[in-house]
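# Coordinate inspection notes
Letter by letter, the chains look like this.
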Amino acid sequence: MSKPIVAIVGRPNVGKSTIFNRIVGERISIVEDVPGVTRDRIYSSGEWLNQEFNIIDTGGIDIGDEPFLAQIRHQAEIAIDEADVIIFMTSGREGVTSADEEVAKILYRSKTPVVLAVNKVDNPEMREAIYDFYALGFGEPIPISGSHGIGLGDLLDEVVKHFPKHDDQDYDEETIKFSLIGRPNVGKSSLVNALLGEERVIVSDIAGTTRDAIDTQYTVDGRDYVIIDTAGMRKKGKVYESTEKYSVLRALKAIERSDVVLVVLNAEEGIIEQDKKIAGYAHEAGRAVVIVVNKWDAIEKDEKTMKEFEEKIRDNFQFLDYAPIVFLSAKTKKRTHTLLPMINLASENHAMRVQTNVLNDVVMDAVAMNPTPTDKGNRLRIYYVTQVAVKPPTFVIFVNDPELMHFSYERFLENRIRDAFGFEGTPIKLIARARK
Ligand code: GDP
Ligand code: GDP
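Along each chain, residues carry numbers from 1 onward, in the same order as the chain's sequence is written. All chains are assigned letters beginning with A, and all ligands numbers beginning with 1, in the order in which they are written. Where totals are concerned, whole chains, interfaces and linings use all residues; where local detail is concerned, this predicted model gives features only for residues with pLDDT of at least 70, and gives and counts side-chain atom pairs only at 80 or more. The basis for the side-chain values is all heavy atoms of the structure; hydrogens and waters are excluded.

### Focus: the overall build of the chain
Put simply, DSSP marks the helices as runs of H or I at least four residues long and the strands as runs of E at least two long, and each gets a number from the N terminus on. Looking only at helices and strands, the chain has twelve helices and 18 strands in total. Burial classification: accessible surface area is computed with a 1.4 Å probe over protein chains only, and a residue below 20% of its type maximum counts as buried, one above 50% as exposed, and the rest as partly exposed. The buried share of the chain, taken over its 436 residues, is 53%.

See below:
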C-alpha cells in the first residue's frame with residue numbers, strides 16, 4: 001500500500017514549513033543522523049490516528065527565478081498533481097491577501113480535496129479573524145498556531161477524513177516492484193528499454209491508473225515485475241518538471257512505491273551529492289537497493305578500473321554497504337542480463353524470514369565471541385531475538401535496558417546476522433526493547 005500524500009500550499013511566510021516540521025516531528029533529525037545523508041526538508045512522513053502519510057511542503061520547491069506569483073501558482077499546481085489532500089495555509093495575522101486569492105483560484109480548478117487552515121491564531125481572542133477566510137470558498141477555516149502547536153489535531157482530523165479509501169495501484173504480493181532512480185541522462189530510459197527488449201520478456205503494458213504514474217508491468221520466466229514511475233518515459237511539458245526539487249520529489253514518490261530501488265550512476269560522471277541524497281532516502285525508507293553503473297562502454301578501462309570505481313562507490317555510499325553493484329551498458333547491452341538476477345536476489349532478501357531458533361543461535365554465538373557492553377557497571381543483557389517484519393527484515397532484540405545497546409554493538413550484531421543469513425541488497429533493522 002502506498003501512503004496517501006498531503007501537500008501544504010500557500011503564499012510565503014504563512015507558516016508552511018513551521019507546520020510541516022510540527023507534523024513530521026522528529027523524523028527529519030533522525031534522517032540527518034545517518035552519515036552522508038542530508039535531505040531536503042520538503043518531503044517527509046507523518047502519522048495521525050494510526051494512519052501514515054507522506055507530506056510535501058511545496059513552499060520549499062522554488063522554480064528558477066520566476067516572479068513571486070508564478071512561483072506560488074506552480075507550487076499549487078504541483079500540489080494538485082501530486083497530493084491526495086491539500087492543506088491550503090493562510091495567516092490570521094495578515095488576513096486574506098490577494099496572493100491567497102491567487103492560490104485559491106488555482107485550487108478551485110482541481111478535484112483534490114482542500115482543507116483550509118488559518119495559521120498564527122495564537123490565542124482565543126484571535127479566533128474572530130478566521131471568519132473572513134470563508135470568502136476563499138473552501139468551507140470552514142481551521143484555526144491553528146504553528147508556534148504554539150494549537151489546532152494541529154483538528155487540522156489532521158480533517159485531512160485524514162479525505163484520504164482515499166483504498167489504493168487502486170496495488171499489485172499482488174508476489175509482484176516485484178522496482179524503480180530506477182538517478183539524474184537526467186544517466187540512461188534510465190535506455191536501461192528500461194534494454195530490460196524490456198529481452199526475448200523472454202512479456203510486457204503487459206497496463207498504464208498506471210493513478211494520476212500520472214506510468215507503471216510498466218511485465219513478466220519474465222513466469223515472474224511478475226512492475227517498473228514504477230519510470231522517469232524519462234513520461235510525457236514532459238510542465239514548467240516545473242525540470243526543476244531539481246521536483247525531480248527529487250518524483251524520485252521519492254517512486255521509492256515509496258518500490259520494493260527494490262536501482263540507483264543508476266553514469267560511469268562517465270561519477271557521483272554527486274544528489275545521488276547520495278536520493279540513495280539515502282531509499283535506505284531510510286527500508287527499500288532494497290541495487291547500484292547500477294551504466295555507460296560502462298563509454299570509459300577507458302584497464303584491469304583496475306572496476307575495482308577503483310567500486311571503492312569510490314563504497315566510500316560515497318557507506319550506508320549502502322549491503323547493496324550489490326552492477327556494471328553494465330544499456331547501449332551495447334553488455335551485462336544487462338546480470339541486472340535481473342540482482343533485482344530478484346535483493347527482492348528475495350528484502351522479504352526473507354529467518355527461523356527464530358537459528359537467529360537466536362547466531363546472536364548468542366555473537367555475544368559469546370564479543371561480550372555485550374557495560375555502562376557504569378551495568379551490562380547489556382540479551383534475552384531473546386525475534387523477527388517481527390519483512391520488507392525490510394526487522395528484528396526485535398529483548399534486552400534488560402535498551403539504553404545499553406550502543407550503536408557499535410548493534411552494528412556488530414547486524415553484521416553477524418548478515419554473515420549468517422546473507423541479506424545482500426536489503427537494509428535490516430534492529431530494535432532493542434526492554435523485556436519487562
Ligand atoms: P513559510 O514561508 O510559509 O514556510 O513560513 P514559515 O514556517 O517559514 O514561517 C514564517 C514566519 O512565521 C516565521 O517567522 C515563523 O516563526 C512564523 N510563524 C509560523 N507559525 C506561526 C504561528 O502560529 N504564530 C506566529 N505568531 N508566528 C508563526
Ligand atoms: P535518462 O534521462 O536517465 O532516462 O537517460 P536516457 O536513457 O535518455 O539516456 C541519456 C543519453 O545517454 C542518451 O543519449 C543515451 O543514448 C545515452 N546512453 C544511455 N545508456 C548508455 C550507455 O550504456 N552507454 C552510452 N555510451 N550511452 C548511453
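### Some points on the sheet that holds strand β17 (residues 394-399)
Two strands are said to pair when DSSP picks up at least two bridges between them. Taken together, the three strands give an open sheet; going across it, the order is β16-β17-β18, and neighbouring strands pair in mixed fashion. A strand with exactly one partner marks an edge of an open sheet, and here the two such strands are β16 (382-389) and β18 (429-434). Each strand axis lies, on average, 25 degrees off the axis of its neighbour in the sheet, ignoring direction. Pairing analysis gives six bridges linking β16 to β17, with the strands arranged antiparallel. Bridged to Ile382 within β17 is Val399. By the convention used here, residues are in contact when the closest approach between their heavy atoms is within 4.5 Å. The axes used here are C-alpha line fits, helices contributing only the stretch in contact, and every angle between their N-to-C directions lies in the interval 0 to 180 degrees. Lying on the sheet, helix α11 (residues 356-369) is in contact with β16 and β17; it crosses β16 at an angle near 135 degrees. Sitting on the sheet, helix α12 (residues 407-421) is in contact with β16, β17 and β18, with an inclination near 125 degrees to β18.

### Regarding the sheet that holds strand β5 (residues 114-119)
Taking strand neighbours across the sheet as the criterion, the six strands line up as β2-β3-β1-β4-β5-β6 in an open arrangement whose pairing is mixed. Sheet topology places β2 (43-48) and β6 (142-143) at the edges, where each strand pairs with a single neighbour. Where β2 and strand β3 (residues 51-57) come together, six bridges link them in antiparallel fashion. Bridge pairing in β3 links Ser45 to Asn54.

### A few points about the site of ligand 1
When at least one non-hydrogen atom of a residue lies within 4 Å of a molecule or strand, that residue is treated as near it. Taken together, 15 residues sit near ligand 1, with Asn13, Thr18, Asp122, Gly146 and Ser147 positioned nearest. Here a polar contact is taken to be a pair of N or O atoms separated by no more than 3.5 Å, where protein atoms must pair a possible hydrogen donor with a possible acceptor and residues adjacent in sequence count only if both atoms sit in side chains. Within the backbone of Val14, an N or O atom sits 3.3 Å from an oxygen atom of ligand 1. Shrake-Rupley sampling with a 1.4 Å probe provides the accessible areas, and residues are treated as covered by the protein chains on show and by no other component. Isolated, ligand 1 exposes 580 Å² of accessible area, and the fraction of that covered by the protein chains is 69%. Among the elements that line the shell around ligand 1, the one with the most residues is helix α1 (residues 16-24), at three residues. Class assignment of the residues belonging to the shell around ligand 1 gives a composition of two nonpolar, eight polar and five charged. For this scheme, ten residues count as nonpolar: Ala, Val, Leu, Ile, Met, Phe, Trp, Tyr, Cys and Pro. Four count as charged, namely Asp, Glu, Lys and Arg, and the remainder, Gly too, count as polar.

### Details of the site of ligand 2
Ligand 2 sits among 15 residues. The nearest are Asn185, Lys188, Ser189, Ser190 and Asp297. In the environment of ligand 2, an oxygen atom lies 3.1 Å from a nitrogen or oxygen atom belonging to the side chain of Ser329. Its free accessible area being 580 Å², ligand 2 has 73% of it covered by the protein chains. At three residues, the largest contribution of residues to the shell around ligand 2 is made by helix α6 (residues 188-196). Its residues assigned to classes, the shell around ligand 2 shows four nonpolar, six polar and five charged.

### Points about the environment of Leu340
Tracing the backbone through its elements, the reader meets Leu340 in helix α10 (residues 339-350). In this structure Leu340 comes out as buried when scored by relative accessible area, which is 11%. In sequence terms Leu340 and Pro4 are 336 residues apart; their C-alpha atoms lie 30 Å from each other. Filtering out sequence-adjacent residues up to four positions away, Leu340 remains in contact with Tyr218, Val220 and Tyr225.

### Some details on the side chain of Ser91
Position of Ser91 among the secondary structure elements: in strand β4 (residues 85-91). A polar contact is formed between the side chain of Ser91 and the backbone nitrogen of Arg93, at a distance of 3.2 Å.

### Remarks on the pairing of strand β1 (residues 5-9)
Burial within β1 is extensive, with five of its five residues counted as buried. Burial of β1 is two-sided: the residues Ile5, Ala7 and Val9 facing one way and the residues Val6 and Ile8 facing the other way are all buried. Where β1 meets β3, four bridges bridge the pair, whose relative direction is parallel. Of the residues in β3, the one forming a bridge with Ile5 is Asn54. Bridge count between β1 and β4: four bridges; the pairing is parallel. Note that in β4 the partner of Ile8 across the bridge is Ile87.

### Thoughts on the confidence of the model for the chain
Here the chain averages 87 in pLDDT, while 89% of its residues score no lower than 70. Segment residues 28-39 is flagged for pLDDT under 50; beyond a separation of four residues in sequence, or across chains, it makes 23 contacts in the model. Every residue in residues 208-212 is under pLDDT 50, and counting partners more than four places away or in other chains gives 17 contacts. Both scores are available for the predicted complex, with the pTM at 0.76 and the ipTM at 0.74. Per residue, pLDDT measures the predictor's confidence, with a range of 0 to 100.

### Side note on the packing of α11 against α12
Their axes nearest at 10 Å, the elements α11 and α12 cross at an angle of 130 degrees. Our classification of the angle between α11 and α12 gives oblique. For the element pair α11 and α12, the recorded crossing hand is right-handed. Together, Val358, Leu359, Val362, Val363, Ala366, Val367 and Met369 of α11 and Tyr409, Phe412, Leu413, Arg416, Ile417, Ala420 and Phe421 of α12 make up the contact between the two elements. Comment on the angle field: the value is read as roughly parallel under 35 degrees, roughly antiparallel over 145, roughly perpendicular from 65 to 115, and oblique elsewhere. The hand of a helix crossing depends on one turn: near helix anticlockwise from the far one by less than a right angle means left-handed, and clockwise means right-handed.

### Digging into empty space enclosed by the protein
The distinction between a cavity and a pocket rests on a 1 Å grid over the protein atoms alone: a 1.4 Å probe fits inside a cavity but cannot get out, while a pocket stays open yet meets protein on both sides within 12 Å along at least five of seven lines, and a residue with an atom within 4 Å of a point counts as lining. Grid points are joined across faces, edges and corners, and a volume is the space filled by probe spheres set on the points. Evaluation of the coordinates by the stated rule reveals four cavities of 30 Å³ or more. Here the largest cavity is characterised by a volume of approximately 60 Å³. At four residues, the largest contribution of residues to the lining of the largest cavity is made by helix α8 (residues 273-284). Grouping the amino acids of the lining of the largest cavity by side-chain chemistry returns five nonpolar, two polar and two charged.

### So, the environment of Gly182
Note on placement: Gly182 falls in the loop between β7 (176-181) and α6. Sequence separation between Gly182 and Ile271 is 89 residues, and the spatial gap between their C-alpha atoms is 10 Å.

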